[in-house]
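Structure at a glance
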Amino acid sequence: MRVDVNRARLEAFLAACEDAEALGGGEYTVDLYDLETPVSMDIQLDDKGVDVLAALEMLYDEEQDGWYLGEKIKDEKRLADLLNEALAE
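Report follows, based on the coordinates. Bear in mind that the values here come from a model prediction, so they are computed numbers and not experimental data.

**Observations concerning helix 2 (residues 76–88)**
Helical periodicity: at 3.6 residues per turn, an α-helix aligns residues three or four positions apart in one direction. An ideal rise of 1.5 Å per residue puts 18 Å on 13 residues; helix 2 measures up with 18 Å between its terminal C-alpha atoms. Residues of helix 2 that are buried: Leu-79, Ala-80, Leu-82, Leu-83, Ala-86 and Leu-87. Viewed end-on, helix 2 has its buried residues packed into an arc of 160 degrees, placing them on one side of the element. Exposed side of helix 2, more than 90 degrees from the buried face: Lys-77 and Ala-88 are the residues found there. If you follow the buried residues of helix 2, they end up packed against strand 1 (2–3), helix 1 (7–16), strand 3 (27–32), strand 4 (39–46) and strand 5 (49–61).

Below, the structure written as structure tokens:
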């Protein structure tokens, strides 16, 4: 799903983020823990812009002291807002 995010800023953010992994071919996986709604995303950067391939909310289990994946996020505006929130930090 194409999202309205500055590709160059996102690319720089992903390169500096210790929770992002480049998978090759412009594809990244990233866990964004510091957002109001923590999220795990698979992102594709290409000539057309930013494409979110998959996104899931991340939830924390205090008993297990760990994160787990929750609901899929399918709303394009919400995905763009989450990425722009990450870029603003």
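What follows continues from the structure just given.
**Overview of a negative patch on the surface**
On the surface, Glu-18, Asp-19, Asp-34 and Glu-89 cluster together into a negatively charged patch. Its place among the elements puts Asp-34 in the loop between strand 3 and strand 4. The exposed category is assigned to Asp-34, whose relative accessible area is 64%.

**As for the nonpolar core**
Ranked by internal contacts, the top residues of the largest apolar core, which has 24 residues, are Leu-10, Met-41 and Leu-83. Taken together, the elements giving at least two residues each to this core come down to helix 1, strand 3, strand 4, strand 5 and helix 2. The leading source of residues in this core is helix 2, at six residues. Here Met-41 is in contact with Tyr-28, Thr-29, Val-30, Val-52, Ala-54, Ala-55, Leu-79, Leu-82 and Leu-83, once residues within four sequence places are set aside.

Each value, and the rule that gives it
Residues numbered from 1 in each chain as written. Predicted model: local features only at pLDDT ≥ 70, side-chain atom pairs only at ≥ 80, totals over all residues. Heavy atoms only, no water. Helix = DSSP H or I, 4+ residues; strand = E, 2+ residues; numbered from the N terminus. Expected span 1.5 Å × (residues − 1). Buried < 20%, exposed > 50% of the residue type's maximum accessible area, 1.4 Å probe, protein only. Arc of directions from axis to C-beta. Contact = heavy atoms within 4.5 Å. Patch = residues over 30% accessible without salt bridge, like charges linked within 9 Å, V, L, I, M, F, W, Y side chains within 5 Å. Areas by Shrake-Rupley, 256 points an atom, 1.4 Å probe, with all protein chains shown as cover. Salt bridge = Lys/Arg side-chain N within 4 Å of Asp/Glu carboxyl O. Lys, Arg positive; Asp, Glu negative; His and termini not counted. Charge placed at Lys NZ, Arg CZ, Asp CG, Glu CD. Core = buried A, V, L, I, M, F, W, Y, C linked by side-chain atoms within 4.5 Å.

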